[in-house]
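Breakdown of the fold
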Amino acid sequence: MYVVTPLTYWTNVYNAKTFPIYSSSLFILNGSTYDINDVVNSNFQLDQQAYAQIGPINLSTLFAMTYGLTFAGLAATVVHVALFHGRDIWNLAKGAFMGTTKADVQRLMKAYKQVPPWWFYLILVLNVGLILFVVEHYKEALQLPWWGVLFACGIAVFFTLPIGIIHATTNQHPGLNVITEYIIGYIYPGRPVANMCFKVYGYISMSQALFLLQDFKLGHYMKIPPRAMFMAQLVGAIVSVTVYTGTAWWLMGSIHDLCDTALLPANSQWKCPHDKVFFDASVIWGLVGPRRIFGDLGEYSKVNLFFIAGAILPVLVWITHRVFPKQSWIKLINMPVLLGATAMMPPASAVNFTSWLVMGFLSGFVAFRYRPKSWARYNYILAGGLDAGTAFLTLLVFFSLQYVNNIGLDWWGNNGEGCPLAPCPTAKDIVVEGCPVF
C-alpha cells in the first residue's frame, strides 16, 4: 500500500491527480465532490438518466487500491487455507462425522454441564425467521427479498471456517464486506439499502460468529462453565444492541448536522469517518452497482485482476515451501494477512497504522525476543488494558469535557495528518475550494 499507492498516483493512473491521494469521498471527473442526491430518485434507486448526464463516479487512489487489495486478500484466503490447512480440515471433518475425534484434553471442563446444540439451533432459527419477517414486512424500505437473506447466511457459513483459521493463527481476519457488496450488487443492482442489508447479514454475521468462538475459546482455557459463558454472550448481545441503538438515536437527536462533513466545522469530532465509508460503499456497490464501476461499464475494471493475483501469491509461497522444506520461515508467510493488513484504510489513516506498527514492533519483536517471559505474562494483559483504557478515557473525556462543558481538546494528535493540503488534488487547472490551482 505504501509503495503502490504513491506510484499509481504520480503516474496518474485513472486520472489519480485529479483527486486527493487519500480520501473516502466520491468525485466527478472535474475533481469536485459527487452529490449523490442528484442521482437518486424518489424510490431511493439510481436515476440512470441523471447519472449518465453527470458522469461516472471516481475514486481516490487509496480508495481504489483498498478495494483491489480486498479482492486479492479474499482470494488469497481461500487458496491459502486450501493449500496449507486443507488436509487438516479434511481429517478433522472426517473424525467429527465418524466419531473418532480425540477426547478433550481439558479434563476439568468435563465436570460442567455442556451447552445443548439445540440452544444454538433455536437462536439461529429464531433470528433467521425474524430477519425474513422484517425484510418482507418492510420490503419497500429495506429493498432486500427473502432469498437475499438466505443467500447472505450461506456466504457467512461458507467463509466462517477459512477466515476463522486465518483469525486463529494470525489474530487477523479478512472481511467479507466487499465481496458481499460485490455479489449482491451484480445480482440486485440499483438498491443501496438492500446492498447494505445483505452486507450486514453476510459479513457481520460471520464476524460475530468468530468473536463468539473467540470468547468461548478464552472461557474454555479459563475453565469457565460453558452454560455460564453462553448466557453471558446472550445477555451481552441483548444489552449491547439496546445500548447501541439507544445511543445512536440519542446522538442523531441531540447533535446538529451529525456526520455531515459539509456543514460541520473542520475540527469537529462528529464527522463519523467509518459511517461515511459505509455510506459511500452503499453508493458504489448498491446504488450505482459494481458493473458501472468495476465491470464492463466502469472505469476500474482492471482492479478485478487483483482477484487473480491474490489467488496466485499463496501458490507461489506453497511451491517455495515445498522446494525448500528446511526453511521453516517460508510457511510463515501469510499472504491473506499481508494483503488485508490495510483493509481499514479508509477510514483509518496512516497515523493509525503508524502507531499500530510501533506498538506491534515493540511488543511482537523487541519484548518477545529479549524478554520472552515477561512478554508471555503481560502481553495479553497489556492488550486488554489498552483496549479498556481507550474505551474508559473516551467516555470520561466526552461526559466530563465535551458533553457537559463543550470543551474541546486541541493538540497535534487531533489534527489528523497535519497537512492542510492533503485533501487537495495536484492536476493542472483543477479548482477545489481551499486548495491551490496548479
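All of the points below concern the structure found in this document. Please read all numbers here as calculations on a predicted model, not as lab measurements. (Residues numbered from 1 in each chain as written. Predicted model: local features only at pLDDT ≥ 70, side-chain atom pairs only at ≥ 80, totals over all residues. Heavy atoms only, no water.)

**Comments concerning the overall build of the chain**
Put simply, the rule reads: Strands here mean DSSP runs of E at least two residues long; helices mean DSSP runs of H or I at least four residues long; both are numbered from the N terminus. Here the globule rule is a power law, 2.2 Å times the number of residues to the power 0.38, and the radius of gyration is based on C-alpha atoms. Partly exposed residues are those whose accessible area sits between 20% and 50% of the maximum for their type, while under 20% is buried and over 50% is exposed, using a 1.4 Å probe and protein chains only. Contacts are assigned to residue pairs that have any heavy atoms within 4.5 Å of one another.
Helix and strand counts for the chain stand at 14 helices and zero strands. Ordered by position from the N terminus, the helices and strands of the chain form the series α-α-α-α-α-α-α-α-α-α-α-α-α-α. Here the C-alpha radius of gyration of the chain, 24 Å, is about what a compact globule of 438 residues would show, namely 22 Å. For the C-alpha atoms alone, the extent of the chain along its principal axes is close to 70 × 55 × 50 Å. Relative to its full complement of 438 residues, the chain shows a buried share of 34%. Sequence-distant contacts, at least 24 apart, represent 66% of the contacts inside the chain between residues at least 6 apart.

**Comments concerning the environment of Leu-332**
By the secondary structure assignment, Leu-332 is in the loop between helix H11 (305-323) and helix H12 (335-340). For Leu-332, a relative accessible area of 68% translates into the label exposed. Taking the C-alpha atoms as reference points, Leu-332 and Gly-31, separated by 301 residues in sequence, lie 43 Å from one another.

**Notes on the environment of Thr-8**
The test is simple: Two N or O atoms count as a polar contact when they lie within 3.5 Å, although within protein this holds only if one can serve as hydrogen donor and the other as acceptor, and sequence-adjacent residues are included solely when both atoms are side-chain atoms.
With respect to the secondary-structure elements, Thr-8 resides in helix H1 (residues 4-10). C-alpha of Thr-8 to C-alpha of Tyr-221: the two residues are 213 residues apart in sequence and 47 Å apart in space. For Thr-8, the residues in contact, after removing those within four places along its chain, are Val-13, Ala-16, Thr-61 and Met-65. In this structure the side chain of Thr-8 is engaged in a polar contact, spanning 2.9 Å, whose partner is the backbone oxygen of Thr-5.

**Points about the pattern of salt bridges**
The criterion, for reference: Every case where a carboxyl oxygen of Asp or Glu lies within 4 Å of a side-chain nitrogen of Lys or Arg is listed as a salt bridge.
Per the counting criterion, the structure on display carries four salt bridges. Asp-280 is paired through a salt bridge with Lys-276; the nearest N and O atoms lie 3.3 Å apart. Taken together, the residues Asp-280 and Lys-276, both in helix H10 (residues 273-288) and four residues apart, mark about one turn of the helix. A relative accessible area of 4% means that Asp-280 is categorised as buried. Notably, a salt bridge pairs Arg-291 with Asp-296, separated by 2.8 Å at the nearest N-O pair. The exposure class of Asp-296 is exposed, given its relative accessible area of 57%.

**Details of the state of the cysteines**
The cut-off we apply is this: Any pair of cysteine sulfurs within 2.5 Å is marked as a disulfide.
Counted by the stated rule, this structure contains two disulfides. Two residues share a disulfide in this structure: Cys-259 and Cys-272, whose sulfurs sit 2.0 Å from each other. Here the disulfide of Cys-259 and Cys-272 is left-handed, its torsion about the S-S bond being about -70°. Within this pair, whereas Cys-259 is found in the loop between helix H9 (226-254) and H10, its partner Cys-272 is found in the loop between H9 and H10, the two being separated by 13 residues in sequence. With a relative accessible area of 31%, Cys-259 lands in the partly exposed category. Two residues, Cys-424 and Cys-435, share a disulfide whose sulfurs are 2.1 Å apart. The S-S bond linking Cys-424 to Cys-435 shows a torsion near -80°; that makes this disulfide left-handed.

**Concerning the nonpolar core**
We count it as follows: Here, nonpolar core refers to any group of buried Ala, Val, Leu, Ile, Met, Phe, Trp, Tyr and Cys residues whose side-chain atoms link them within 4.5 Å.
Ranked by size, the top nonpolar core spans 46 residues in total, and within it Leu-26, Leu-59, Tyr-67, Leu-176, Ile-284, Trp-285 and Phe-294 carry the most contacts. Contributing elements (two or more residues each) for this core: helix H2 (48-54), helix H3 (61-98), helix H6 (146-170), helix H7 (177-187), helix H8 (192-221) and H10. Among the elements that make up this core, the one with the highest residue count is H8 (seven residues). The residues touching Leu-176, leaving out its near neighbours within four places in the chain, are Leu-74, Ile-155, Phe-159, Ile-163, Gly-202, Tyr-203 and Met-206. Judged by nonpolar contacts, the second largest core, of 14 residues, contains Ala-76, Val-317, Met-345 and Ala-348.

**Describing the packing of helix H4 (residues 117-137) against H9**
As a reminder of what qualifies: Where helices are involved, their axes are fitted lines through C-alpha atoms of the stretch in contact, as for all axes, and angles between N-to-C directions lie from 0 to 180°. Each angle gets one of four labels, with under 35 degrees taken as roughly parallel, over 145 as roughly antiparallel, 65 to 115 as roughly perpendicular, and the rest as oblique. By convention, the crossing between two helices is left-handed when the near helix turns anticlockwise from the far helix through less than a right angle, and right-handed when the turn is clockwise. Residues are grouped as follows: nonpolar covers Ala, Val, Leu, Ile, Met, Phe, Trp, Tyr, Cys and Pro; charged covers Asp, Glu, Lys and Arg; every other residue, Gly included, is treated as polar.
The interhelical angle for the contact between H4 and H9, taken along N-to-C directions, is 15°, at an axis separation of 12 Å. When the interaxial angle is binned, H4 and H9 end up roughly parallel. The interaxial crossing formed by H4 with H9 has left-handed handedness. Along its contact with H4, which presents Trp-119, Phe-120 and Ile-123, the element H9 presents Arg-227, Phe-230 and Leu-234. Taken together, the residues of the contact of H4 with H9 sort by class into five nonpolar, no polar and one charged.

**Some remarks on H10**
Note the cut-off: Expected helix span is computed as 1.5 Å times (number of residues minus one).
Compared with the 22 Å implied by 1.5 Å per residue over 16 residues, the 21 Å span of H10 between its first and last C-alpha is a close match. For H10, the full list of buried residues reads Val-277, Asp-280, Ala-281, Ser-282, Val-283, Ile-284, Trp-285, Gly-286, Leu-287 and Val-288. Phi turns positive, to about 95°, at Gly-289, one or two residues after H10.

**Notes on the packing of aromatic side chains**
Rule in force here: In this scheme Phe, Tyr and Trp rings, the latter by its six-membered ring, pair at centre separations within 6.5 Å, and the angle between planes marks the pair as stacked below 30 degrees, edge-to-face above 60, and tilted otherwise.
Evaluation of the coordinates by the stated rule reveals 25 aromatic pairs. Note on Phe-71 and Phe-294: the rings are 5.8 Å apart at their centroids and 75° apart in plane angle, and the pair reads as edge-to-face. Of this pair, Phe-71 sits in helix H3 while Phe-294 sits in the loop between H10 and H11, and the two are 223 residues apart along the sequence. The same class applies to Phe-71 and to Phe-294, which are both buried. What links up through ring pairs into an aromatic cluster is the set Tyr-14, Phe-63, Tyr-67, Phe-71, Tyr-182, Tyr-186, Trp-285, Phe-294, Tyr-300 and Phe-307.

**Thoughts on the side chain of His-80**
For His-80, the location among the structural elements is in helix H3. Those residues within four positions of His-80 in sequence are excluded, and the remaining contacts are His-85, Ile-166, Pro-314, Ile-333, Asn-334 and Pro-336.

**Details of a nonpolar patch on the surface**
For the record, the criterion: Patch building starts from residues that exceed 30% relative accessible area and form no salt bridge, then joins like charges within 9 Å and nonpolar side chains (Val, Leu, Ile, Met, Phe, Trp, Tyr) within 5 Å. With residues, only the protein chains shown are counted as cover, and all accessible areas are computed by Shrake-Rupley using a 1.4 Å probe.
Together, Ile-123, Met-231, Leu-234, Val-235, Ile-238, Val-239, Val-243 and Tyr-244 make up an exposed nonpolar region whose accessible area comes to about 710 Å². Per element, the largest residue contribution to the nonpolar patch is seven residues, and it comes from H9. Along the chain, Val-239 falls in helix H9.

In short, shape yes, function no, at least from these values alone.
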